[in-house]
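A look at the structure
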Amino acid sequence: MPDDSNRGHDAHGLLSDGPLLDTNAVAARYKRSPRTIRGWIMHGCPTPNGRVHLPAMRMGRTWMVREEDCLLFEHRTRPWK
């Protein structure tokens, strides 16, 4: 079974220059609970075309999401906006 600790990131993508958001910040951005955000990271967000995972990396016990990954996730889940 593959390791999901850096879902969506290779070794070079982990230390990007963009801001990192924790699940609380992402939850506030999307007006959802941090638990929902962790669900999107682990299990994906349901869309008409299948589930879309929110790329994130684990830093200790905290999931961190890059700002650019939030934008990509928004496009993948709501491409019409």
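Remember, predicted model here, so these are calculated numbers, not experimental data.

The rules behind each value
Residues numbered from 1 in each chain as written. Predicted model: local features only at pLDDT ≥ 70, side-chain atom pairs only at ≥ 80, totals over all residues. Heavy atoms only, no water. pLDDT = per-residue confidence, 0-100. Contact = heavy atoms within 4.5 Å. Axes fitted to C-alpha atoms, helices over the stretch in contact; angles between N-to-C directions. Helix = DSSP H or I, 4+ residues; strand = E, 2+ residues; numbered from the N terminus. Parallel < 35°, antiparallel > 145°, perpendicular 65-115°, else oblique. Nonpolar A, V, L, I, M, F, W, Y, C, P; charged D, E, K, R; others polar. Core = buried A, V, L, I, M, F, W, Y, C linked by side-chain atoms within 4.5 Å. Buried < 20%, exposed > 50% of the residue type's maximum accessible area, 1.4 Å probe, protein only. Pairing = 2+ DSSP bridges. Phe/Tyr/Trp six-rings, centres within 6.5 Å; stacked < 30°, edge-to-face > 60°.

The next point concerns the confidence of the model for the chain. Taken as a whole, the chain shows an average pLDDT of 84; of its residues, 77% reach a score of 70 or greater. Here residues 1–6 scores under 50 on pLDDT; set against residues more than four positions off or in separate chains, the count is 7 contacts. Considering only residues more than four positions removed or in separate chains, one finds that residues 8–12, a stretch of pLDDT under 50, has 7 contacts.

Right, let's talk about the packing of helix 1 (residues 23–30) against helix 2 (residues 34–42) for a bit. The description of two packed helices rests on the angle between their axes and on the distance between the axes. Where helix 1 meets helix 2, the axes come as close as 8 Å, and the angle between the chain directions of the two elements is 100 degrees. Here helix 2 runs roughly perpendicular to helix 1, going by the angle between their axes. Contacts between helix 1 and helix 2 pair Thr-23, Asn-24, Val-26, Ala-27 and Tyr-30 from the former with Pro-34, Ile-37, Arg-38, Trp-40 and Ile-41 from the latter. In terms of residue class, the contact of helix 1 with helix 2 is made up of 7 nonpolar, 2 polar and 1 charged.

This next bit is on the nonpolar core. Val-26, Ile-37 and Leu-54 are the most contacted members of the largest nonpolar core, which has 15 residues in total. Contributing elements (two or more residues each) for this core: helix 1, helix 2, strand 5 (62–66) and helix 3 (67–77). Once residues lying within four places of it in the same chain are set aside, the contact partners of Leu-54 are Val-26, Ile-37, Trp-40, Ile-41, Val-65, Asp-69, Cys-70 and Phe-73.

Here the focus is the sheet that holds strand 5. Taken together, 3 strands build an open sheet; the order of strands is 1-5-4 and the sheet is antiparallel. Only two strands of the sheet have a single partner each, and these edge strands are strand 1 (20–22) and strand 4 (57–59). Going from strand to strand, the sheet's axes swing by 45 degrees on average, the running direction of each strand aside. Where strand 4 meets strand 5, 3 bridges bridge the pair, whose relative direction is antiparallel. Among the inter-strand pairings, Met-57 is bridged to a residue of strand 5, identified as Met-64. Strands strand 1 and strand 5 of the sheet are contacted by helix 3, whose axis makes an angle of about 75 degrees with strand 5.

With that out of the way, let us pick up the packing of aromatic side chains. For the coordinates displayed, the defined rule picks out 3 aromatic pairs. Aromatic pair Trp-40 and Phe-73: ring centres 5.2 Å apart, planes at 35 degrees, arrangement tilted. Separated by 33 residues along the polypeptide, Trp-40 in helix 2 and Phe-73 in helix 3 bring together distant segments of the chain. You'll find Trp-40 and Phe-73 in the same group, each marked buried.

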